[in-house]
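Below are the chains, spelled out letter by letter.
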Amino acid sequence: MNAGVSGQTIAQIAARKEFLAAAVECDMIVIDGGTNDIDALTATEIQDAREAIAEYYLGLGIPVVLLPILARSTAQWPGGDVKRQKAAWINQRSRDFCKGREACWLYDWNQPWADLTGSYVVPKAGYSNDGLHKAPPGGVAVGEDFANFLADILPPAQPRVWAQDDQYSAANNPFGNLLSNPFCLGTGGTLTGGATGTVANNMRIELVSGDGAVVGSKEARADGRGEYQVITVTPGTTDTTARFRTATADMATTFPVGTWLQASCEVEISAHAYIRGVTLTLWNVTAGLTVSDMSPDVYPAPDPAVRWPNRTYKGLLETPAIRVSTANPTFRWRLDIVLGNTGEGASGDLVVKVGAVEFRPVEDPRALVGYTAG
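Everything numeric in this text was worked out from a predicted model, so none of it was measured.

Before going further, it helps to examine the overall build of the chain. When helices and strands are tallied, the chain shows 6 helices and 19 strands. Principal-axis analysis of the C-alpha atoms places the extent of the chain at approximately 65 × 55 × 40 Å. The buried share among the 374 residues of the chain stands at 45%. Pairs at least 24 residues apart make up 70% of the contacts formed inside the chain by residues separated by at least 6 positions. Counting only carbon and sulfur atoms, one obtains 54% of the accessible surface of the chain, whose full area is about 17600 Å². Counting 30 positive and 40 negative side-chain charges, the chain places the centres of these two groups 2 Å from one another.

Structure below.
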């Protein structure tokens, strides 16, 4: 749950601390504050405020992760500028503060983010487009490093899809899976648009656009949780889009207004330098509303510094929950894979393995922030 508000000062963050403690079921608080105060406040004022917020939550028994001030380019903070000196002082004070307190950790997000080889601490090449905000490589580096940091503190996440027969039933399993083949078993699915190969039962693979090749195949999962639907995309002269979805695009439902629904799937993605996106989308066709996870690359395609890093990926794609606004809506569940073209240098196959597919009702997520109707 991200309770951060872009652009806020440390005083504005502090003003929300009672609300968050009272209204949000916080398992942990991650504090990123002070960077917007570097010009207006002294380093001592900023750090005292950061520590006061941390002490407040620690006093309530809530674990705290304190983030240092994130490094900036010299275009943002000139070399030798007082802002750099203040940030360095705050960061060292933060380390000392966390050392002396139980259930309080410093997570140094500058380690995966910053180039430490020069005179000044700046973002690594390609990690930021403006010296301040994260481009895809910077976001991947910090996000993955933070996940690894949390893995040493928190219990491992449990799978969302745990059984083939966890099927939706309005009477007996109202939070069950609406997808009939969650573990992607069998080879009875369909192919369209020029895609070839084999597809899991009740699912479909499409070549949506482009002149590359899209081939489906099946693979048993090593963890015993059914099978992977494997989708191999070969680049063509134009960007190629492959789609994995339910065999029938439109899924009619009988949910009343106010129901919340969510989609997910597990993926393994091979390394490729020209990935535009691997995007899971849940589309309420009736309301004309979509939610997605891992939106496609929106940066200039020819620039390698703003594409996905050329490496493998493995994890869960999970859309935000979507609320039914008109009774009995029609939905579409789909995973889109977009690969760049040979004209810009793309070569070699992209292989995406998909498993544990899911579309189900979920609890009202607004309860996490203390929302009540009225």
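Having seen the model, we can carry on.
The final tally for this structure, using the stated rule, is 25 salt bridges. Arg-93 is the partner of Glu-51 in a salt bridge, and the nearest nitrogen-oxygen pair spans 3.1 Å. On the criterion of sequence distance, the pair formed by Glu-51 in helix H3 (residues 43-59) and Arg-93 in helix H4 (residues 82-99) is long-range, its members being 42 residues apart. Accessibility expressed as a relative area gives 16% for Glu-51, which makes it buried. Arg-93 sits in the partly exposed class, given a relative accessible area of 25%. Each member of the salt-bridge network shares a partner with another, and the members are Arg-160, Asp-166, Glu-318, Glu-358 and Arg-360.

The next subject is unusual backbone geometry. Most peptide bonds are trans, and most residues other than glycine sit at a negative phi. Unlike most non-glycine residues, Ala-103 shows phi in positive territory, near 55°. Of note, Ala-103 is situated in the loop between H4 and strand E3 (104-106). When its relative accessible area of 31% is taken as the criterion, Ala-103 is described as partly exposed. Positive phi is not limited to glycine here, since Asn-328 has a value of about 60°. On the basis of relative accessibility, which here comes to 47%, the residue Asn-328 falls in the partly exposed class.

Among the nonpolar cores identified, the biggest contains 42 residues, and Ile-231, Phe-244, Cys-265, Ile-269, Val-278 and Trp-333 are the most heavily contacted of them. Look past the residues within four positions of Cys-265 in its chain and what remains in contact with it is Leu-280, Gly-315, Leu-316, Leu-317, Trp-333, Leu-335, Val-354, Gly-355, Ala-356 and Val-357.

It is worth spelling out the layout of surface pockets at this point. What the second largest pocket holds in volume is close to 350 Å³. As for the second largest pocket, its lining consists of 20 residues, and the residues nearest its centre are Ala-87, Ala-88, Asn-91, Asn-110 and Val-121. Residue assignment for the lining of the second largest pocket shows that the elements contributing at least two residues are H4 and helix H5 (110-113). When residues of the lining of the second largest pocket are assigned to their parent elements, the largest contribution, 6 residues, is made by H4. In terms of residue class, the lining of the second largest pocket is made up of 11 nonpolar, 5 polar and 4 charged.

Further remarks concern the packing of aromatic side chains. According to the stated counting rule, one finds 8 aromatic pairs in the structure shown. The interplanar angle of 75° and the centroid separation of 5.3 Å between the aromatic rings of Tyr-56 and Tyr-57 together place this pair among those described as edge-to-face. Since its relative accessible area comes to 26%, Tyr-56 is described here as partly exposed. Owing to a relative accessible area of 3%, Tyr-57 belongs among the buried residues under this scheme. Each ring, one from Tyr-107 and one from Phe-149, has its centre 5.1 Å from the other, and the planes form 50°; the classification is tilted. Residue Tyr-107 is located in the loop between E3 and H5, and its partner Phe-149 is located in helix H6 (residues 136-151); the two are separated by 42 residues in the primary sequence.

Calculation criteria
- Residues numbered from 1 in each chain as written.
- Predicted model: local features only at pLDDT ≥ 70, side-chain atom pairs only at ≥ 80, totals over all residues.
- Heavy atoms only, no water.
- Helix = DSSP H or I, 4+ residues; strand = E, 2+ residues; numbered from the N terminus.
- Buried < 20%, exposed > 50% of the residue type's maximum accessible area, 1.4 Å probe, protein only.
- Contact = heavy atoms within 4.5 Å.
- Areas by Shrake-Rupley, 256 points an atom, 1.4 Å probe, with all protein chains shown as cover.
- Lys, Arg positive; Asp, Glu negative; His and termini not counted.
- Charge placed at Lys NZ, Arg CZ, Asp CG, Glu CD.
- Salt bridge = Lys/Arg side-chain N within 4 Å of Asp/Glu carboxyl O.
- Core = buried A, V, L, I, M, F, W, Y, C linked by side-chain atoms within 4.5 Å.
- 1 Å grid on protein atoms, 1.4 Å probe; cavity = no way out; pocket = protein on both sides within 12 Å on 5 of 7 lines; lining within 4 Å.
- Points joined across faces, edges and corners; volume = space filled by probe spheres on them.
- Nonpolar A, V, L, I, M, F, W, Y, C, P; charged D, E, K, R; others polar.
- Phe/Tyr/Trp six-rings, centres within 6.5 Å; stacked < 30°, edge-to-face > 60°.

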